[in-house]
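Read off the chains here:
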Amino acid sequence: MPKAIKKEQTTMEVSIDAIDIAILKLLQQNAKITVKEISDKVHLSTSPVHERIKRMENNGIIKQYATLVDHTKVKKGLMVICYVSLRQHDKNAGTKFIKYMNELHEVIECYNISGEFDFMLKVVAENMDDYYNFHVNKLSQSENIGHVQSVFVMGIIKQTHVLVQ
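Read on for a plain summary of the structure. Because the structure is a prediction, the values reported are computed rather than measured. Just so you know, the residues in each chain are numbered from 1, in the order the chain's sequence is written. With the structure being a predicted model, the display of local features is reserved for residues of pLDDT at least 70 and the display and counting of side-chain atom pairs for 80 or more, all residues being used for whole-chain, interface and lining totals. Values reported for side chains reflect all heavy atoms of the structure, with hydrogen atoms and water molecules removed beforehand.

### Notes on the nonpolar core
Where a protein is soluble and globular, its nonpolar side chains tend to be buried together.
Next up, step 1: For this analysis, a nonpolar core means a set of buried residues of the types Ala, Val, Leu, Ile, Met, Phe, Trp, Tyr and Cys, connected via side-chain atoms within 4.5 Å. Each residue is assigned to one of three classes by its accessible area relative to the maximum for its type, calculated with a 1.4 Å probe on protein chains only: buried under 20%, partly exposed between the two thresholds, exposed over 50%. The biggest cluster of nonpolar side chains holds 18 residues, and the ones touching the most others in it are C82, V84, L121, V123, Y131 and L139.
Next up, step 2: When residues of this core are traced back to their parent elements, those giving at least two are β1 (78–86), α4 (91–103), β3 (119–125), α5 (128–137) and β4 (145–152).
Next up, step 3: At 5 residues, β1 tops the list of elements feeding residues into this core.
Next up, step 4: The contact partners of V84, leaving out residues within four places of it in the chain, are F97, F117, D118, F119, L121, I145, H147 and V148.
Next up, step 5: Within the second largest apolar cluster, 11 residues are counted, among which are L26, I33, I53 and M56. Strands are runs of DSSP state E lasting at least two residues, helices are runs of H or I lasting at least four, and both sets are numbered from the N terminus onward. Residue contacts are defined here by distance: any two heavy atoms, one from each residue, within 4.5 Å place the two residues in contact.

See below:
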């Protein structure tokens, strides 16, 4: 499990400058890059680079460091996008659903969306039987599920985590 970065709860926009952006670009390319390597590339000593990284972590700009894994090589070869509608739309029902989704290891992403459906899930499974088991014995067991539409990913055209370019 990737280590989460502690952050302040704030809705204020945090300003970043060109050096912060350069640091973010380097970290997005390689989260294991050393402060020394970053300092060489942005032409600052290690102390200010370290302070900038800590500030961006504390301000929630850097949310966490993670390892990207090829899902097909760890027996999660089937990727499914699930659109979910809830029967009830009160705060309590939504909160319960969100809590339950956070407990399901097959759900690797969950978005609250607008439109015909309430949520979009990105689900990984070993194969179709594994997904069927997840759908019938886990997802459908959520007490407030109204409708689920599953779309099977046939190929990944673009997948990135890079936000700052």
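### Describing the pairing of strand β2 (residues 107–112)
Next up, step 1: Bridge analysis of β2 against β3 gives 5 bridges, and the strand direction is antiparallel. From the neighbouring strand, E109 faces β3, where its bridge partner is K122.
Next up, step 2: Here, any two strands with at least 2 DSSP bridges between them count as paired. Connecting the antiparallel pair β2 and β3 is a turn made up of 6 residues, with G115 showing a positive phi of about 105°.

### Focus on the packing of aromatic side chains
Next up, step 1: For Phe, Tyr and Trp, where Trp contributes only its six-membered ring, two rings pair if their centres lie within 6.5 Å, and the inter-plane angle classes them as stacked under 30 degrees, edge-to-face over 60, or tilted in between. Tallying each qualifying case throughout the model produces 4 aromatic pairs.
Next up, step 2: With centroids separated by 4.6 Å and ring planes inclined at 40°, the aromatic side chains of F97 and F119 adopt a geometry described as tilted. Taken as a pair, F97 in helix α4 and F119 in strand β3 lie far apart in primary sequence, 22 residues in all. The residues F97 and F119 share a single accessibility class, namely buried.

### Things to note about unusual backbone geometry
Next up, step 1: Despite not being glycine, H43 shows a phi value in the positive range, around 65°.
Next up, step 2: Considering the arrangement of structural elements, one finds H43 in the loop between α2 (35–42) and α3 (46–58).
Next up, step 3: A relative accessible area of 70% means that H43 is categorised as exposed.
Next up, step 4: In this structure, K75 is a non-glycine residue whose phi angle is positive, near 60°.
Next up, step 5: Note that K75 resides in the loop between α3 and β1.
Next up, step 6: Under the relative-accessibility criterion, K75 is labelled exposed at 61%.

### Some remarks on the pattern of salt bridges
Next up, step 1: Put simply, a salt bridge is a Lys or Arg side-chain nitrogen that is within 4 Å of an Asp or Glu carboxyl oxygen. Applying the stated rule across the entire model yields 9 salt bridges.
Next up, step 2: A salt bridge links R52 to D17; the shortest N-O distance between them is 2.9 Å. In this pair, R52 is assigned in helix α3 and D17 in the segment before α1 (18–29), connecting sequence segments 35 residues apart.
Next up, step 3: Since its relative accessible area comes to 17%, R52 is described here as buried.
Next up, step 4: K96 serves as the salt-bridge partner of E143, at 3.5 Å between the closest nitrogen and oxygen.

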